[in-house]
Amino acid sequence: MPELPEVEIVKQSLNKKIKHKKIKKVIIRNRNLRSKIPINFSNYLKNQKVIKVDRFSKYLILTLSNKKICLIHLGMSGTIHYINKNKASPVSNLSFYSSIRLPIKHNHIEIEFDDSKIIYNDPRRFGFFEIVKNKKLLKKRLSHLGPEPMSEEFNIKYVFQYFKNKKKNIKNFLLDQGFVSGIGNIYASEILFLCEIKPDQIVSKLDESKCKSIIDYSKKVLSEAIKKGGSSIRDFKNISGKEGNFQKIFKVYDREGLKCKKIKCKGVIQKKMISNRSTFFCNSCQK
DNA sequence: AAGAGGCCCTGATAGC
DNA sequence: TGCTATCAGGGCCTCT
């Protein structure tokens, strides 16, 4: 569910709420996530301070005072909720979704501080919590990931070279975390719309200027989404709190059958399954 | 060795 | 009302 911008929003709010706080207690309510939470997981966290919270791609990285690292991925449906013990309600929510009440089912992990706690909830269990023993191992753990879209490394030389002789379509590559890491299914469609490139375009056929527009719009869309607080769709909608706002300006995602938003374009937004993921595009201005 | 497809899991919604 | 089928923001594994 959460793509890079949403994970960034979670990271920012975690830094505001739990940075420098000491972990007093860890409760595992359900070990079953993408990988099973190890029996001794709590031992690494207990009595440690949270030094900082970082993010790479869609991963959250909690550095603890014992130098161990708690690596978190939210999968499709993972959310983190922050509760201040002194304030009964409403509950402020660290997921980019918001909720004034706590989820009841599918709470997997609770991490308690003196005055507050965070709860990890994940109905589909595609997320995970892992302990990585040091920085070097973290680098190794994340070594399969390509550059982030906003980084300098994601440049024309890299992209043009990467696309040479490749026969997959561009939508597939934007979702391929080894090529570029952080873009997910929603932003892939949004980026390609702005580039005026059809999602099933084979990448070896893209010229340099098209590659350049993919780079520029990837950076632009993701930074814009972060500014808007991410995208809140489906979950917890219509509940007051810190919802993201980017979904309000989706150009193509979930707009099947509606008119293209580009000025003077008479096109209609189409939905097509590409590698089993729904993909939205304009049948007229995307070539 | 790149690329296609299946699978992990629960919940919401659509269609009959 | 109550079935069944399909789809959902991700990523890994296997097969060809």
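Below or above, wherever it landed, is the structure these notes cover.

What counts, and where the lines are drawn
Residues numbered from 1 in each chain as written. Chains lettered and ligands numbered in written order. Predicted model: local features only at pLDDT ≥ 70, side-chain atom pairs only at ≥ 80, totals over all residues. Heavy atoms only, no water. Pairing = 2+ DSSP bridges. Helix = DSSP H or I, 4+ residues; strand = E, 2+ residues; numbered from the N terminus. Axes fitted to C-alpha atoms, helices over the stretch in contact; angles between N-to-C directions. Parallel < 35°, antiparallel > 145°, perpendicular 65-115°, else oblique. Left-handed = near helix turned anticlockwise from the far one by under 90°. Contact = heavy atoms within 4.5 Å. Nonpolar A, V, L, I, M, F, W, Y, C, P; charged D, E, K, R; others polar. Disulfide = S-S within 2.5 Å. 1 Å grid on protein atoms, 1.4 Å probe; cavity = no way out; pocket = protein on both sides within 12 Å on 5 of 7 lines; lining within 4 Å. Points joined across faces, edges and corners; volume = space filled by probe spheres on them. Near = heavy atom within 4 Å. Polar contact = N/O pair within 3.5 Å; in protein donor to acceptor, adjacent residues only side chain to side chain.

1. Considerations on the sheet that holds strand β1 (residues 25–28)
Each strand in a sheet pairs with another by means of backbone hydrogen bonds, the pair being arranged parallel or else antiparallel. Pairing is antiparallel across the open sheet formed by four strands, whose spatial order is β1-β6-β7-β5. Of all the strands in the sheet, the pair left with one neighbour each is β1 and β5 (79–84). Direction aside, the axes of adjacent strands within the sheet are offset by 15° on average. As paired strands, β1 and strand β6 (residues 107–112) are joined by four bridges and run antiparallel to one another.

2. Looking at the packing of helix α4 (residues 156–163) against helix α7 (residues 208–227)
For the pair α4 and α7, the least separation of the axes is 9 Å and the interaxial angle reads 120°. Classed by the angle they form, the pair α4 and α7 counts as oblique. In this structure, α4 meets α7 at a crossing whose hand is right-handed. In contact with I156, V159, F160 and F163 of α4, α7 contributes E208, C211, K212, I214 and I215. Residues that form the contact of α4 with α7 fall into these classes: seven nonpolar, no polar and two charged.

3. Observations concerning the state of the cysteines
Inspection of every chain in the model, using the stated rule, returns zero disulfides. Free of any disulfide, C195 has its nearest cysteine sulfur in C211, 9.9 Å distant. There is no disulfide at C285, and the cysteine sulfur nearest it, in C282, is 3.6 Å away.

4. Remarks on empty space enclosed by the protein
Inspection of every chain in the model, using the stated rule, returns one cavity of 30 Å³ or more. In this structure, the largest cavity encloses a volume near 30 Å³. Along its surface, the largest cavity is lined by I80, I109, I111, I118, I119, Y120 and F129. Contributing elements (two or more residues each) for the lining of the largest cavity: β6 and β7 (116–121). Here the lining of the largest cavity takes three residues from β7, the largest share from any one element. In terms of residue class, the lining of the largest cavity is built from seven nonpolar, no polar and no charged.

5. Comments concerning the protein's contact with DNA strand B
By nearness alone, every residue bordering DNA strand B is listed as K105, H106, P123, R124, R125, F126, K166, K167 and K168. Sugar and phosphate atoms constitute 66% of the interface atoms of DNA strand B, taking the interface as everything within 4 Å of the protein. One nitrogen or oxygen atom from the side chain of H106 is found 2.5 Å from a phosphate oxygen belonging to DNA strand B. R125 places a polar side-chain atom, nitrogen or oxygen, 3.3 Å from a phosphate oxygen of DNA strand B. Looking at the surface near DNA strand B residue by residue, the class counts come to two nonpolar, one polar and six charged.

Worth remembering: the numbers are spatial, not functional.
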